[in-house]
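Summary of structural features
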Amino acid sequence: MANLLLDDGTIESDLGKIVHELAPLGIQLRHYDPGTSLLFPNLLDQDVLTESEQRYCVELHNSVFEFIQQENGALWCDLLNVHPGSFNLHHLIATYGRYHTHPAAEPLYVLAGEMIYGFVRPDGSQVQLLVQAQDYLYIPADVEHWCSPTALLNFKGVRYFAIAEGWIPNYTGTQVSDSIQKPR
């Protein structure tokens, strides 16, 4: 389940309260546990997946969560697989680890592991959200955020794209607040 770190240092773990805190940004957070992980636990536990294993995970996930793809108008989706040996790990962190926006929404379902997102709220304060297995996160277009894997470097998530180009970051230049620091 997700956890939200507020700018005063408070950690919120109640899903209803987290949803309330993120509502002014239009961010949706849900927790779905359909048991799909039981169908491919060995794939979720291993670091490296072949392309066919990745496709299998996405197809199986989409067979259960077809509504996610439909409600987001997703043209395509893929599996983001982060592990200590990821060849593009530094690029991923450099690209998405700074505050940015996207011209389209950023929906994501976490199959395994965890990822941290930072958000700027309407009053300028910042919060961090830890998403974990079976969390579904929907970030609307133009919401200022960053994301980064946790120190565990373990994350598998299905990303949904409503535009052919995928998630193109538009960097804002906002710095992470001193009261909320990203993991290193």
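Residues numbered from 1 in each chain as written. Predicted model: local features only at pLDDT ≥ 70, side-chain atom pairs only at ≥ 80, totals over all residues. Heavy atoms only, no water.

Under an unreviewed UniProt entry, the name given to the protein is Acireductone dioxygenase, and the organism recorded is Nostoc flagelliforme FACHB-838.

1. Quick word on the overall build of the protein
As a reminder of what qualifies: Secondary structure elements are defined from DSSP: runs of H or I of at least 4 residues count as helices, runs of E of at least 2 residues count as strands, and each element is numbered from the N terminus. Radius of gyration: C-alpha atoms only; globule rule: 2.2 Å multiplied by the number of residues to the exponent 0.38. Think of it in three bands: residues with accessible area under 20% of the maximum for their type are buried, residues over 50% are exposed, and the middle band is partly exposed, with areas taken using a 1.4 Å probe on protein chains only. Working definition of accessibility: Shrake-Rupley area with a 1.4 Å probe, residue cover restricted to the visible protein chains.
Along the backbone of the protein there are 5 helices and 11 strands. A compact globule built from 184 residues would reach a C-alpha radius of gyration of about 16 Å, and the protein, at 16 Å, matches this within 12%. Across its three principal directions, the C-alpha atoms of the protein cover 45 × 30 × 30 Å. Relative to its full complement of 184 residues, the protein shows a buried share of 49%. Taken as a whole, the protein presents about 8800 Å² of accessible surface, with 53% of it coming from carbon and sulfur.

2. Details of the environment of C147
Within the element layout of this structure, C147 appears in strand β9 (residues 145–149). Note on C147: relative accessible area 10%, which makes it buried. Distance in space between the C-alpha atoms of C147 and I116 is 5.5 Å, their sequence separation being 31 residues.

3. Considerations on the side chain of N81
Quick reminder of the rule: Contacts described as polar in this section are N or O atom pairs within 3.5 Å, which, within protein, must combine one atom able to donate a hydrogen with one able to accept it, while residues neighboring in sequence count only if both atoms come from side chains. Any two residues whose heavy atoms approach within 4.5 Å are treated as being in contact.
Relative to the elements of secondary structure, N81 occurs in strand β4 (residues 76–82). Engagement of the side chain of N81 in a polar contact is seen with the backbone oxygen of D47, the distance being 2.8 Å. There is a polar contact of 3.2 Å between the side chain of N81 and the side chain of K156. Setting aside residues up to four positions removed in sequence, N81 forms contacts with D47, V48, L49, S86, F155 and K156.

4. Let's talk about the side chain of H100
Relative to the helices and strands, H100 is located in strand β5 (residues 100–101). A polar atom in the side chain of H100 sits 2.7 Å from the backbone oxygen of R98. Excluding residues that lie within four positions of it along the chain, H100 makes contacts with T95, V143, E144, H145, W146, P169, N170, Y171 and T172.

5. Structural notes on helix α3 (residues 51–64)
Applied cut-off: One less than the number of residues in a helix, times 1.5 Å, gives the span that helix is expected to have.
Over its 14 residues, α3 runs 20 Å from end to end, which matches the ideal 20 Å to within 8%, given 1.5 Å per residue. Among the residues of α3, C57, V58, L60, H61 and N62 are the ones counted as buried. Contact partners of the buried residues in α3: α2 (41–45), α4 (66–71), β4, β6 (106–120) and β10 (155–161).

6. A short note on the pairing of β9
Counting buried residues in β9 gives 5 out of 5 residues, a clear majority hidden from the surface. Burial of β9 is two-sided: the residues H145, C147 and P149 facing one way and the residues W146 and S148 facing the other way are all buried.

7. Quick notes on the packing of aromatic side chains
Note the cut-off: Two rings from Phe, Tyr or Trp (for Trp, the six-membered ring) form a pair when their centres sit within 6.5 Å of each other. Planes less than 30 degrees apart are called stacked, planes more than 60 degrees apart edge-to-face, and all others tilted.
Under the definition given, this model contains 4 aromatic pairs. Taken together, a centroid distance of 4.0 Å and an interplanar angle of 20 degrees make the contact between W76 and F161 stacked. Taken together, the positions of W76 in strand β4 and F161 in strand β10 put the pair 85 residues apart, joining distant regions of the chain. What makes F161 buried here is its relative accessible area of 3%. Consider the rings of Y117 and F119, whose centres lie 6.2 Å apart with planes at 10 degrees: the pair is stacked. A residue is classified by how much of its surface remains accessible, and Y117, at 3% relative accessible area, is buried. Of the residues examined, F119 reaches a relative accessible area of 0% and is grouped as buried.

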